[in-house]
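Tertiary structure, described
Here are the chains, one letter per residue:
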Amino acid sequence: MSTPYPRIAGLKDYQAFTEHLKQSNIEMPGDEEVRSGSDSPLGKPLEVHGRTIGNRFCILPMEGWDGTRDGKPTELTRRRWRNFGLSGAKLIWGGEAVAVRNDGRANPNQLVINETNLSDIASLRQELVQAHEDAFETSDDLMVGIQLTHSGRFARPNDKKRLEPRTVQRNTALDRRAGVTDDSAILSDDELSQLIDDFIVAAVAAEKAGFAFVDVKHCHGYLGHELLAGVDRPGRYGGSLENRSRFLREIVEGIRGATQLEIGVRLSVFDYVPFCPGEDRTGVPDADAEPHKVFGSTPDGLGMDLTEPSKFIQLMHDLGIRMVCTTAGSPYYNPHIQRPAYFPPSDGYHPPEDPLAGVARQIAAVAQLKQDHPEMLFIGSGYTYLQDYLPNVGQAVVDRGMADSIGLGRMVLSYPDLPADVLRGSVWQRKKVCRTFSDCTTAPRQGIISGCYPLDPFYKKMDERKQLQEIKKALANPA
Ligand SMILES: Cc1cc2nc3c(=O)[nH]c(=O)nc-3n(C[C@H](O)[C@H](O)[C@H](O)COP(=O)(O)O)c2cc1C
Ligand code: SF4
């Protein structure tokens, strides 16, 4: 079965795109003409924490499953980070998820930040900055942070095929997927206190490595995010929002005591229940879902309710945090919410809605939060599915004050110089536009390094591409 929605590449121009939105009752701002230059909406600088960020493009964190077993970057990691620097975006949100310790790695090749890996991670940042300076003369208005993580129930620290979940509460649908059958995977309060110390030690290392800020990750079903949904957890870190946010508060307090770093948070600003393939492989809510354990959703777990996320953002504000990198849901259990795509990853499901509805939902959520917290700087995500019309929508969003910066994820893997092209008013390179084939997600789910195999000439010629094609073929035609 193919996805029953028109492909963006098949819409002949901006008019056709807006006509489709109208017919589908999907509301989204957009400008017909995209402007270039430093006075354009996307070219204007931003001020935060007494620093200038030179434009309104942000590179979202994206890992490649390509570090060494001891958590150092490889040449593939370095190439990706250099591309981030070459993109022209002036805010680099974390580069990629970097584990604060081994048991928190999402895969055995995830980067780990510690004293042993310090010089390698410092040089990774430096290569990005150097690439940026070579292309754009100055890095004075470039801000680079690092994303600190513990992967919680999605940890695979030792074997890419074996989950070793550490979680904060039982969850029927997610426990089934992670193979959690008793309470032994649940971190105790004392273990969480130890983990908080590990985040603080990691932040000290990040400061030594030259990063301007750390992101204390609270998204995508990983540990920080799962804690926010820990309503049934007893003790100091569960139950009330005050307790569920204690993890962030204690980490922030520790980082402030030990470093001069700025702090940001990547937050799933809403979430839905887990989905699974239904009839024809179209996504349906998991029958075992427990909707009350979803942070930022309506009681049925199938709509967004920003009441608690907004309170959490107010708390961030009170802690002196000013930067929120927004996202939604999880790539593991509801990818159509998190990274709208036409072609699902191999372990996914066909989108149960026009993927443009998923883009519009994230834009609307961020606009609402920006209105409620105007002093906070909001970065939007999930724009890649807009494809050729990403600049039209991104420009309108920042111009109308619905977000401060437009985050780029998958698009920057296939079209790394998109921000530079838009800001210079150069010819749009259609061949490089991400068509959401999801190979960059399917590959790591099958134990292969991530990369844009269909469009990036560097990955196109790798042996892994053939391997991936064979796996995809076998999955599509099971014996
Ligand atoms: C290959 C890949 C790796 C990713 N790794 C991370 C990560 O390390 N940390 C994170 O917060 N998000 C990660 N994401 C999510 C992206 O940052 C982004 O939220 C998502 O792709 C949606 O944005 P887009 O529509 O521009 O792709 C990853 C996404 C992809 C495709
Ligand atoms: S593999 Fe390339 S084209 Fe496919 S979703 Fe990822 S970045 Fe886009």
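Just above sits the structure.
Report follows, based on the coordinates. Per-chain numbering applies: the sequence of each chain, read as written, is numbered from 1 onward. To label them, take the chains in the order written and letter them from A, then take the ligands in the order written and number them from 1. The predicted origin of the model limits local features to residues at a pLDDT of at least 70 and limits the giving and counting of side-chain atom pairs to 80 or more, whereas totals for whole chains, interfaces and linings rest on all residues. Excluding hydrogens and water, the side-chain figures rest on all heavy atoms present in the structure.

Details of the site of ligand 1
The full set close to ligand 1 counts 20 residues, and Gln 147, Arg 266, Thr 384, Gly 409 and Arg 410 are the nearest of them. Counting of polar contacts relies on pairs of N or O atoms within 3.5 Å, with two restrictions inside protein: one atom must be capable of donating a hydrogen and the other of accepting it, and residues adjacent in sequence are counted only when both atoms are side-chain atoms. Between ligand 1 and Glu 63 there is a distance of 3.2 Å, counted from a nitrogen atom to a backbone nitrogen or oxygen. Here ligand 1 has 610 Å² of accessible area as a free molecule, and 98% of this is covered by the chains. Residue polarity is assigned by list, with Asp, Glu, Lys and Arg as charged and Ala, Val, Leu, Ile, Met, Phe, Trp, Tyr, Cys and Pro as nonpolar; anything else, Gly included, falls into the polar class. Across the shell around ligand 1, the residue classes break down as eight nonpolar, seven polar and five charged. The nearness test applies per residue and asks whether one of its heavy atoms lies within 4 Å of the molecule or strand. In these tables, accessible area is a Shrake-Rupley quantity obtained with a 1.4 Å probe, and a residue counts as shielded only by the protein chains included in the view.

Some remarks on the environment of Tyr 272
Strands are runs of DSSP state E lasting at least 2 residues, helices are runs of H or I lasting at least 4, and numbering of each runs from the N terminus. Along the polypeptide, Tyr 272 turns up in the loop between β8 (262-268) and β9 (275-277). Along the sequence, Tyr 272 and Phe 57 sit 215 residues apart, while their C-alpha atoms lie 27 Å from each other. Contacts between residues were defined by any pair of non-hydrogen atoms, one from each residue, lying within 4.5 Å. Excluding residues that lie within four positions of it along the chain, Tyr 272 makes contacts with Val 294, Gly 301, Leu 302, Gly 303, Met 304, Tyr 333, Asn 334, Ile 337 and Arg 361.

A few points about the nonpolar core
Side-chain atoms within 4.5 Å link the members of a nonpolar core, which is a set of buried Ala, Val, Leu, Ile, Met, Phe, Trp, Tyr and Cys residues. When accessible area is computed with a 1.4 Å probe and restricted to protein chains, residues below 20% of their type maximum are described as buried, those above 50% as exposed, and intermediate ones as partly exposed. Ranked by size, the top nonpolar core spans 110 residues in total, and within it Phe 17, Met 28, Phe 247, Leu 267 and Met 316 carry the most contacts. It is helix α5 (residues 189-208) that contributes the most residues to this core, nine residues altogether. Not counting residues within four places of it along the chain, the set of residues in contact with Leu 267 comprises His 218, Cys 219, Leu 228, Phe 295, Phe 312, Ile 313, Met 316, Val 324, Cys 325, Thr 326 and Thr 327. Among the nonpolar cores identified, the runner-up in size contains 14 residues, and Leu 46, Trp 93, Met 143 and Ala 212 belong to it.

Some details on the state of the cysteines
Cysteine sulfur atoms are paired as a disulfide whenever they come within 2.5 Å of each other. Tallied over the full model, the rule gives zero disulfides. You can see Cys 58 has no disulfide; the closest cysteine sulfur is in Cys 325, sitting 5.2 Å from it. You can call Cys 58 buried: its relative accessible area is 0%.

Concerning the pairing of strand β12 (residues 377-380)
The side-chain alternation of β12 yields two buried faces, one formed by Leu 377 and Ile 379 and the other by Phe 378 and Gly 380. Across two bridges, β12 lies against strand β13 (residues 405-408) in parallel orientation. From the neighbouring strand, Gly 380 faces β13, where its bridge partner is Ile 406. Considered for its hand, the β-α-β crossover made up of β12, helix α12 (residues 390-399) and β13 is right-handed. In short, DSSP must find at least two bridges between two strands for them to pair. With its strands directed away from the observer, a crossover is right-handed exactly when the path from the first strand over the helix to the second travels clockwise.

Observations regarding the side chain of Asn 392
When you line up the elements, Asn 392 lands in helix α12. Filtering out sequence-adjacent residues up to four positions away, Asn 392 remains in contact with Tyr 14, Gly 30, Asp 31, Glu 32 and Val 34.

Here's the deal with the packing of α5 against helix α8 (residues 246-258)
Helix packing for two helices is described by the angle between their axes and how far apart those axes are. Their axes nearest at 9 Å, the elements α5 and α8 cross at an angle of 40°. On the basis of the axis angle, α5 is oblique to α8. Crossing of α5 over α8 shows right-handed handedness. Residues Leu 192, Leu 195, Ile 196, Phe 199, Ile 200, Ala 203, Val 204 and Glu 207 of α5 form the contact with α8, whose participating residues are Phe 247, Glu 250, Ile 251, Gly 254, Ile 255 and Ala 258. Classifying every residue of the contact of α5 with α8 by side-chain character gives 11 nonpolar, one polar and two charged. The angle between two axes is taken between their N-to-C directions and runs from 0 to 180 degrees, where each axis is a line fitted to C-alpha atoms and a helix contributes only its stretch in contact. Here the angle decides the label: under 35 degrees means roughly parallel, over 145 means roughly antiparallel, 65 to 115 means roughly perpendicular, and every other value means oblique. Left-handed describes a crossing whose near helix is turned anticlockwise from the far helix through less than a right angle; right-handed describes the clockwise counterpart.

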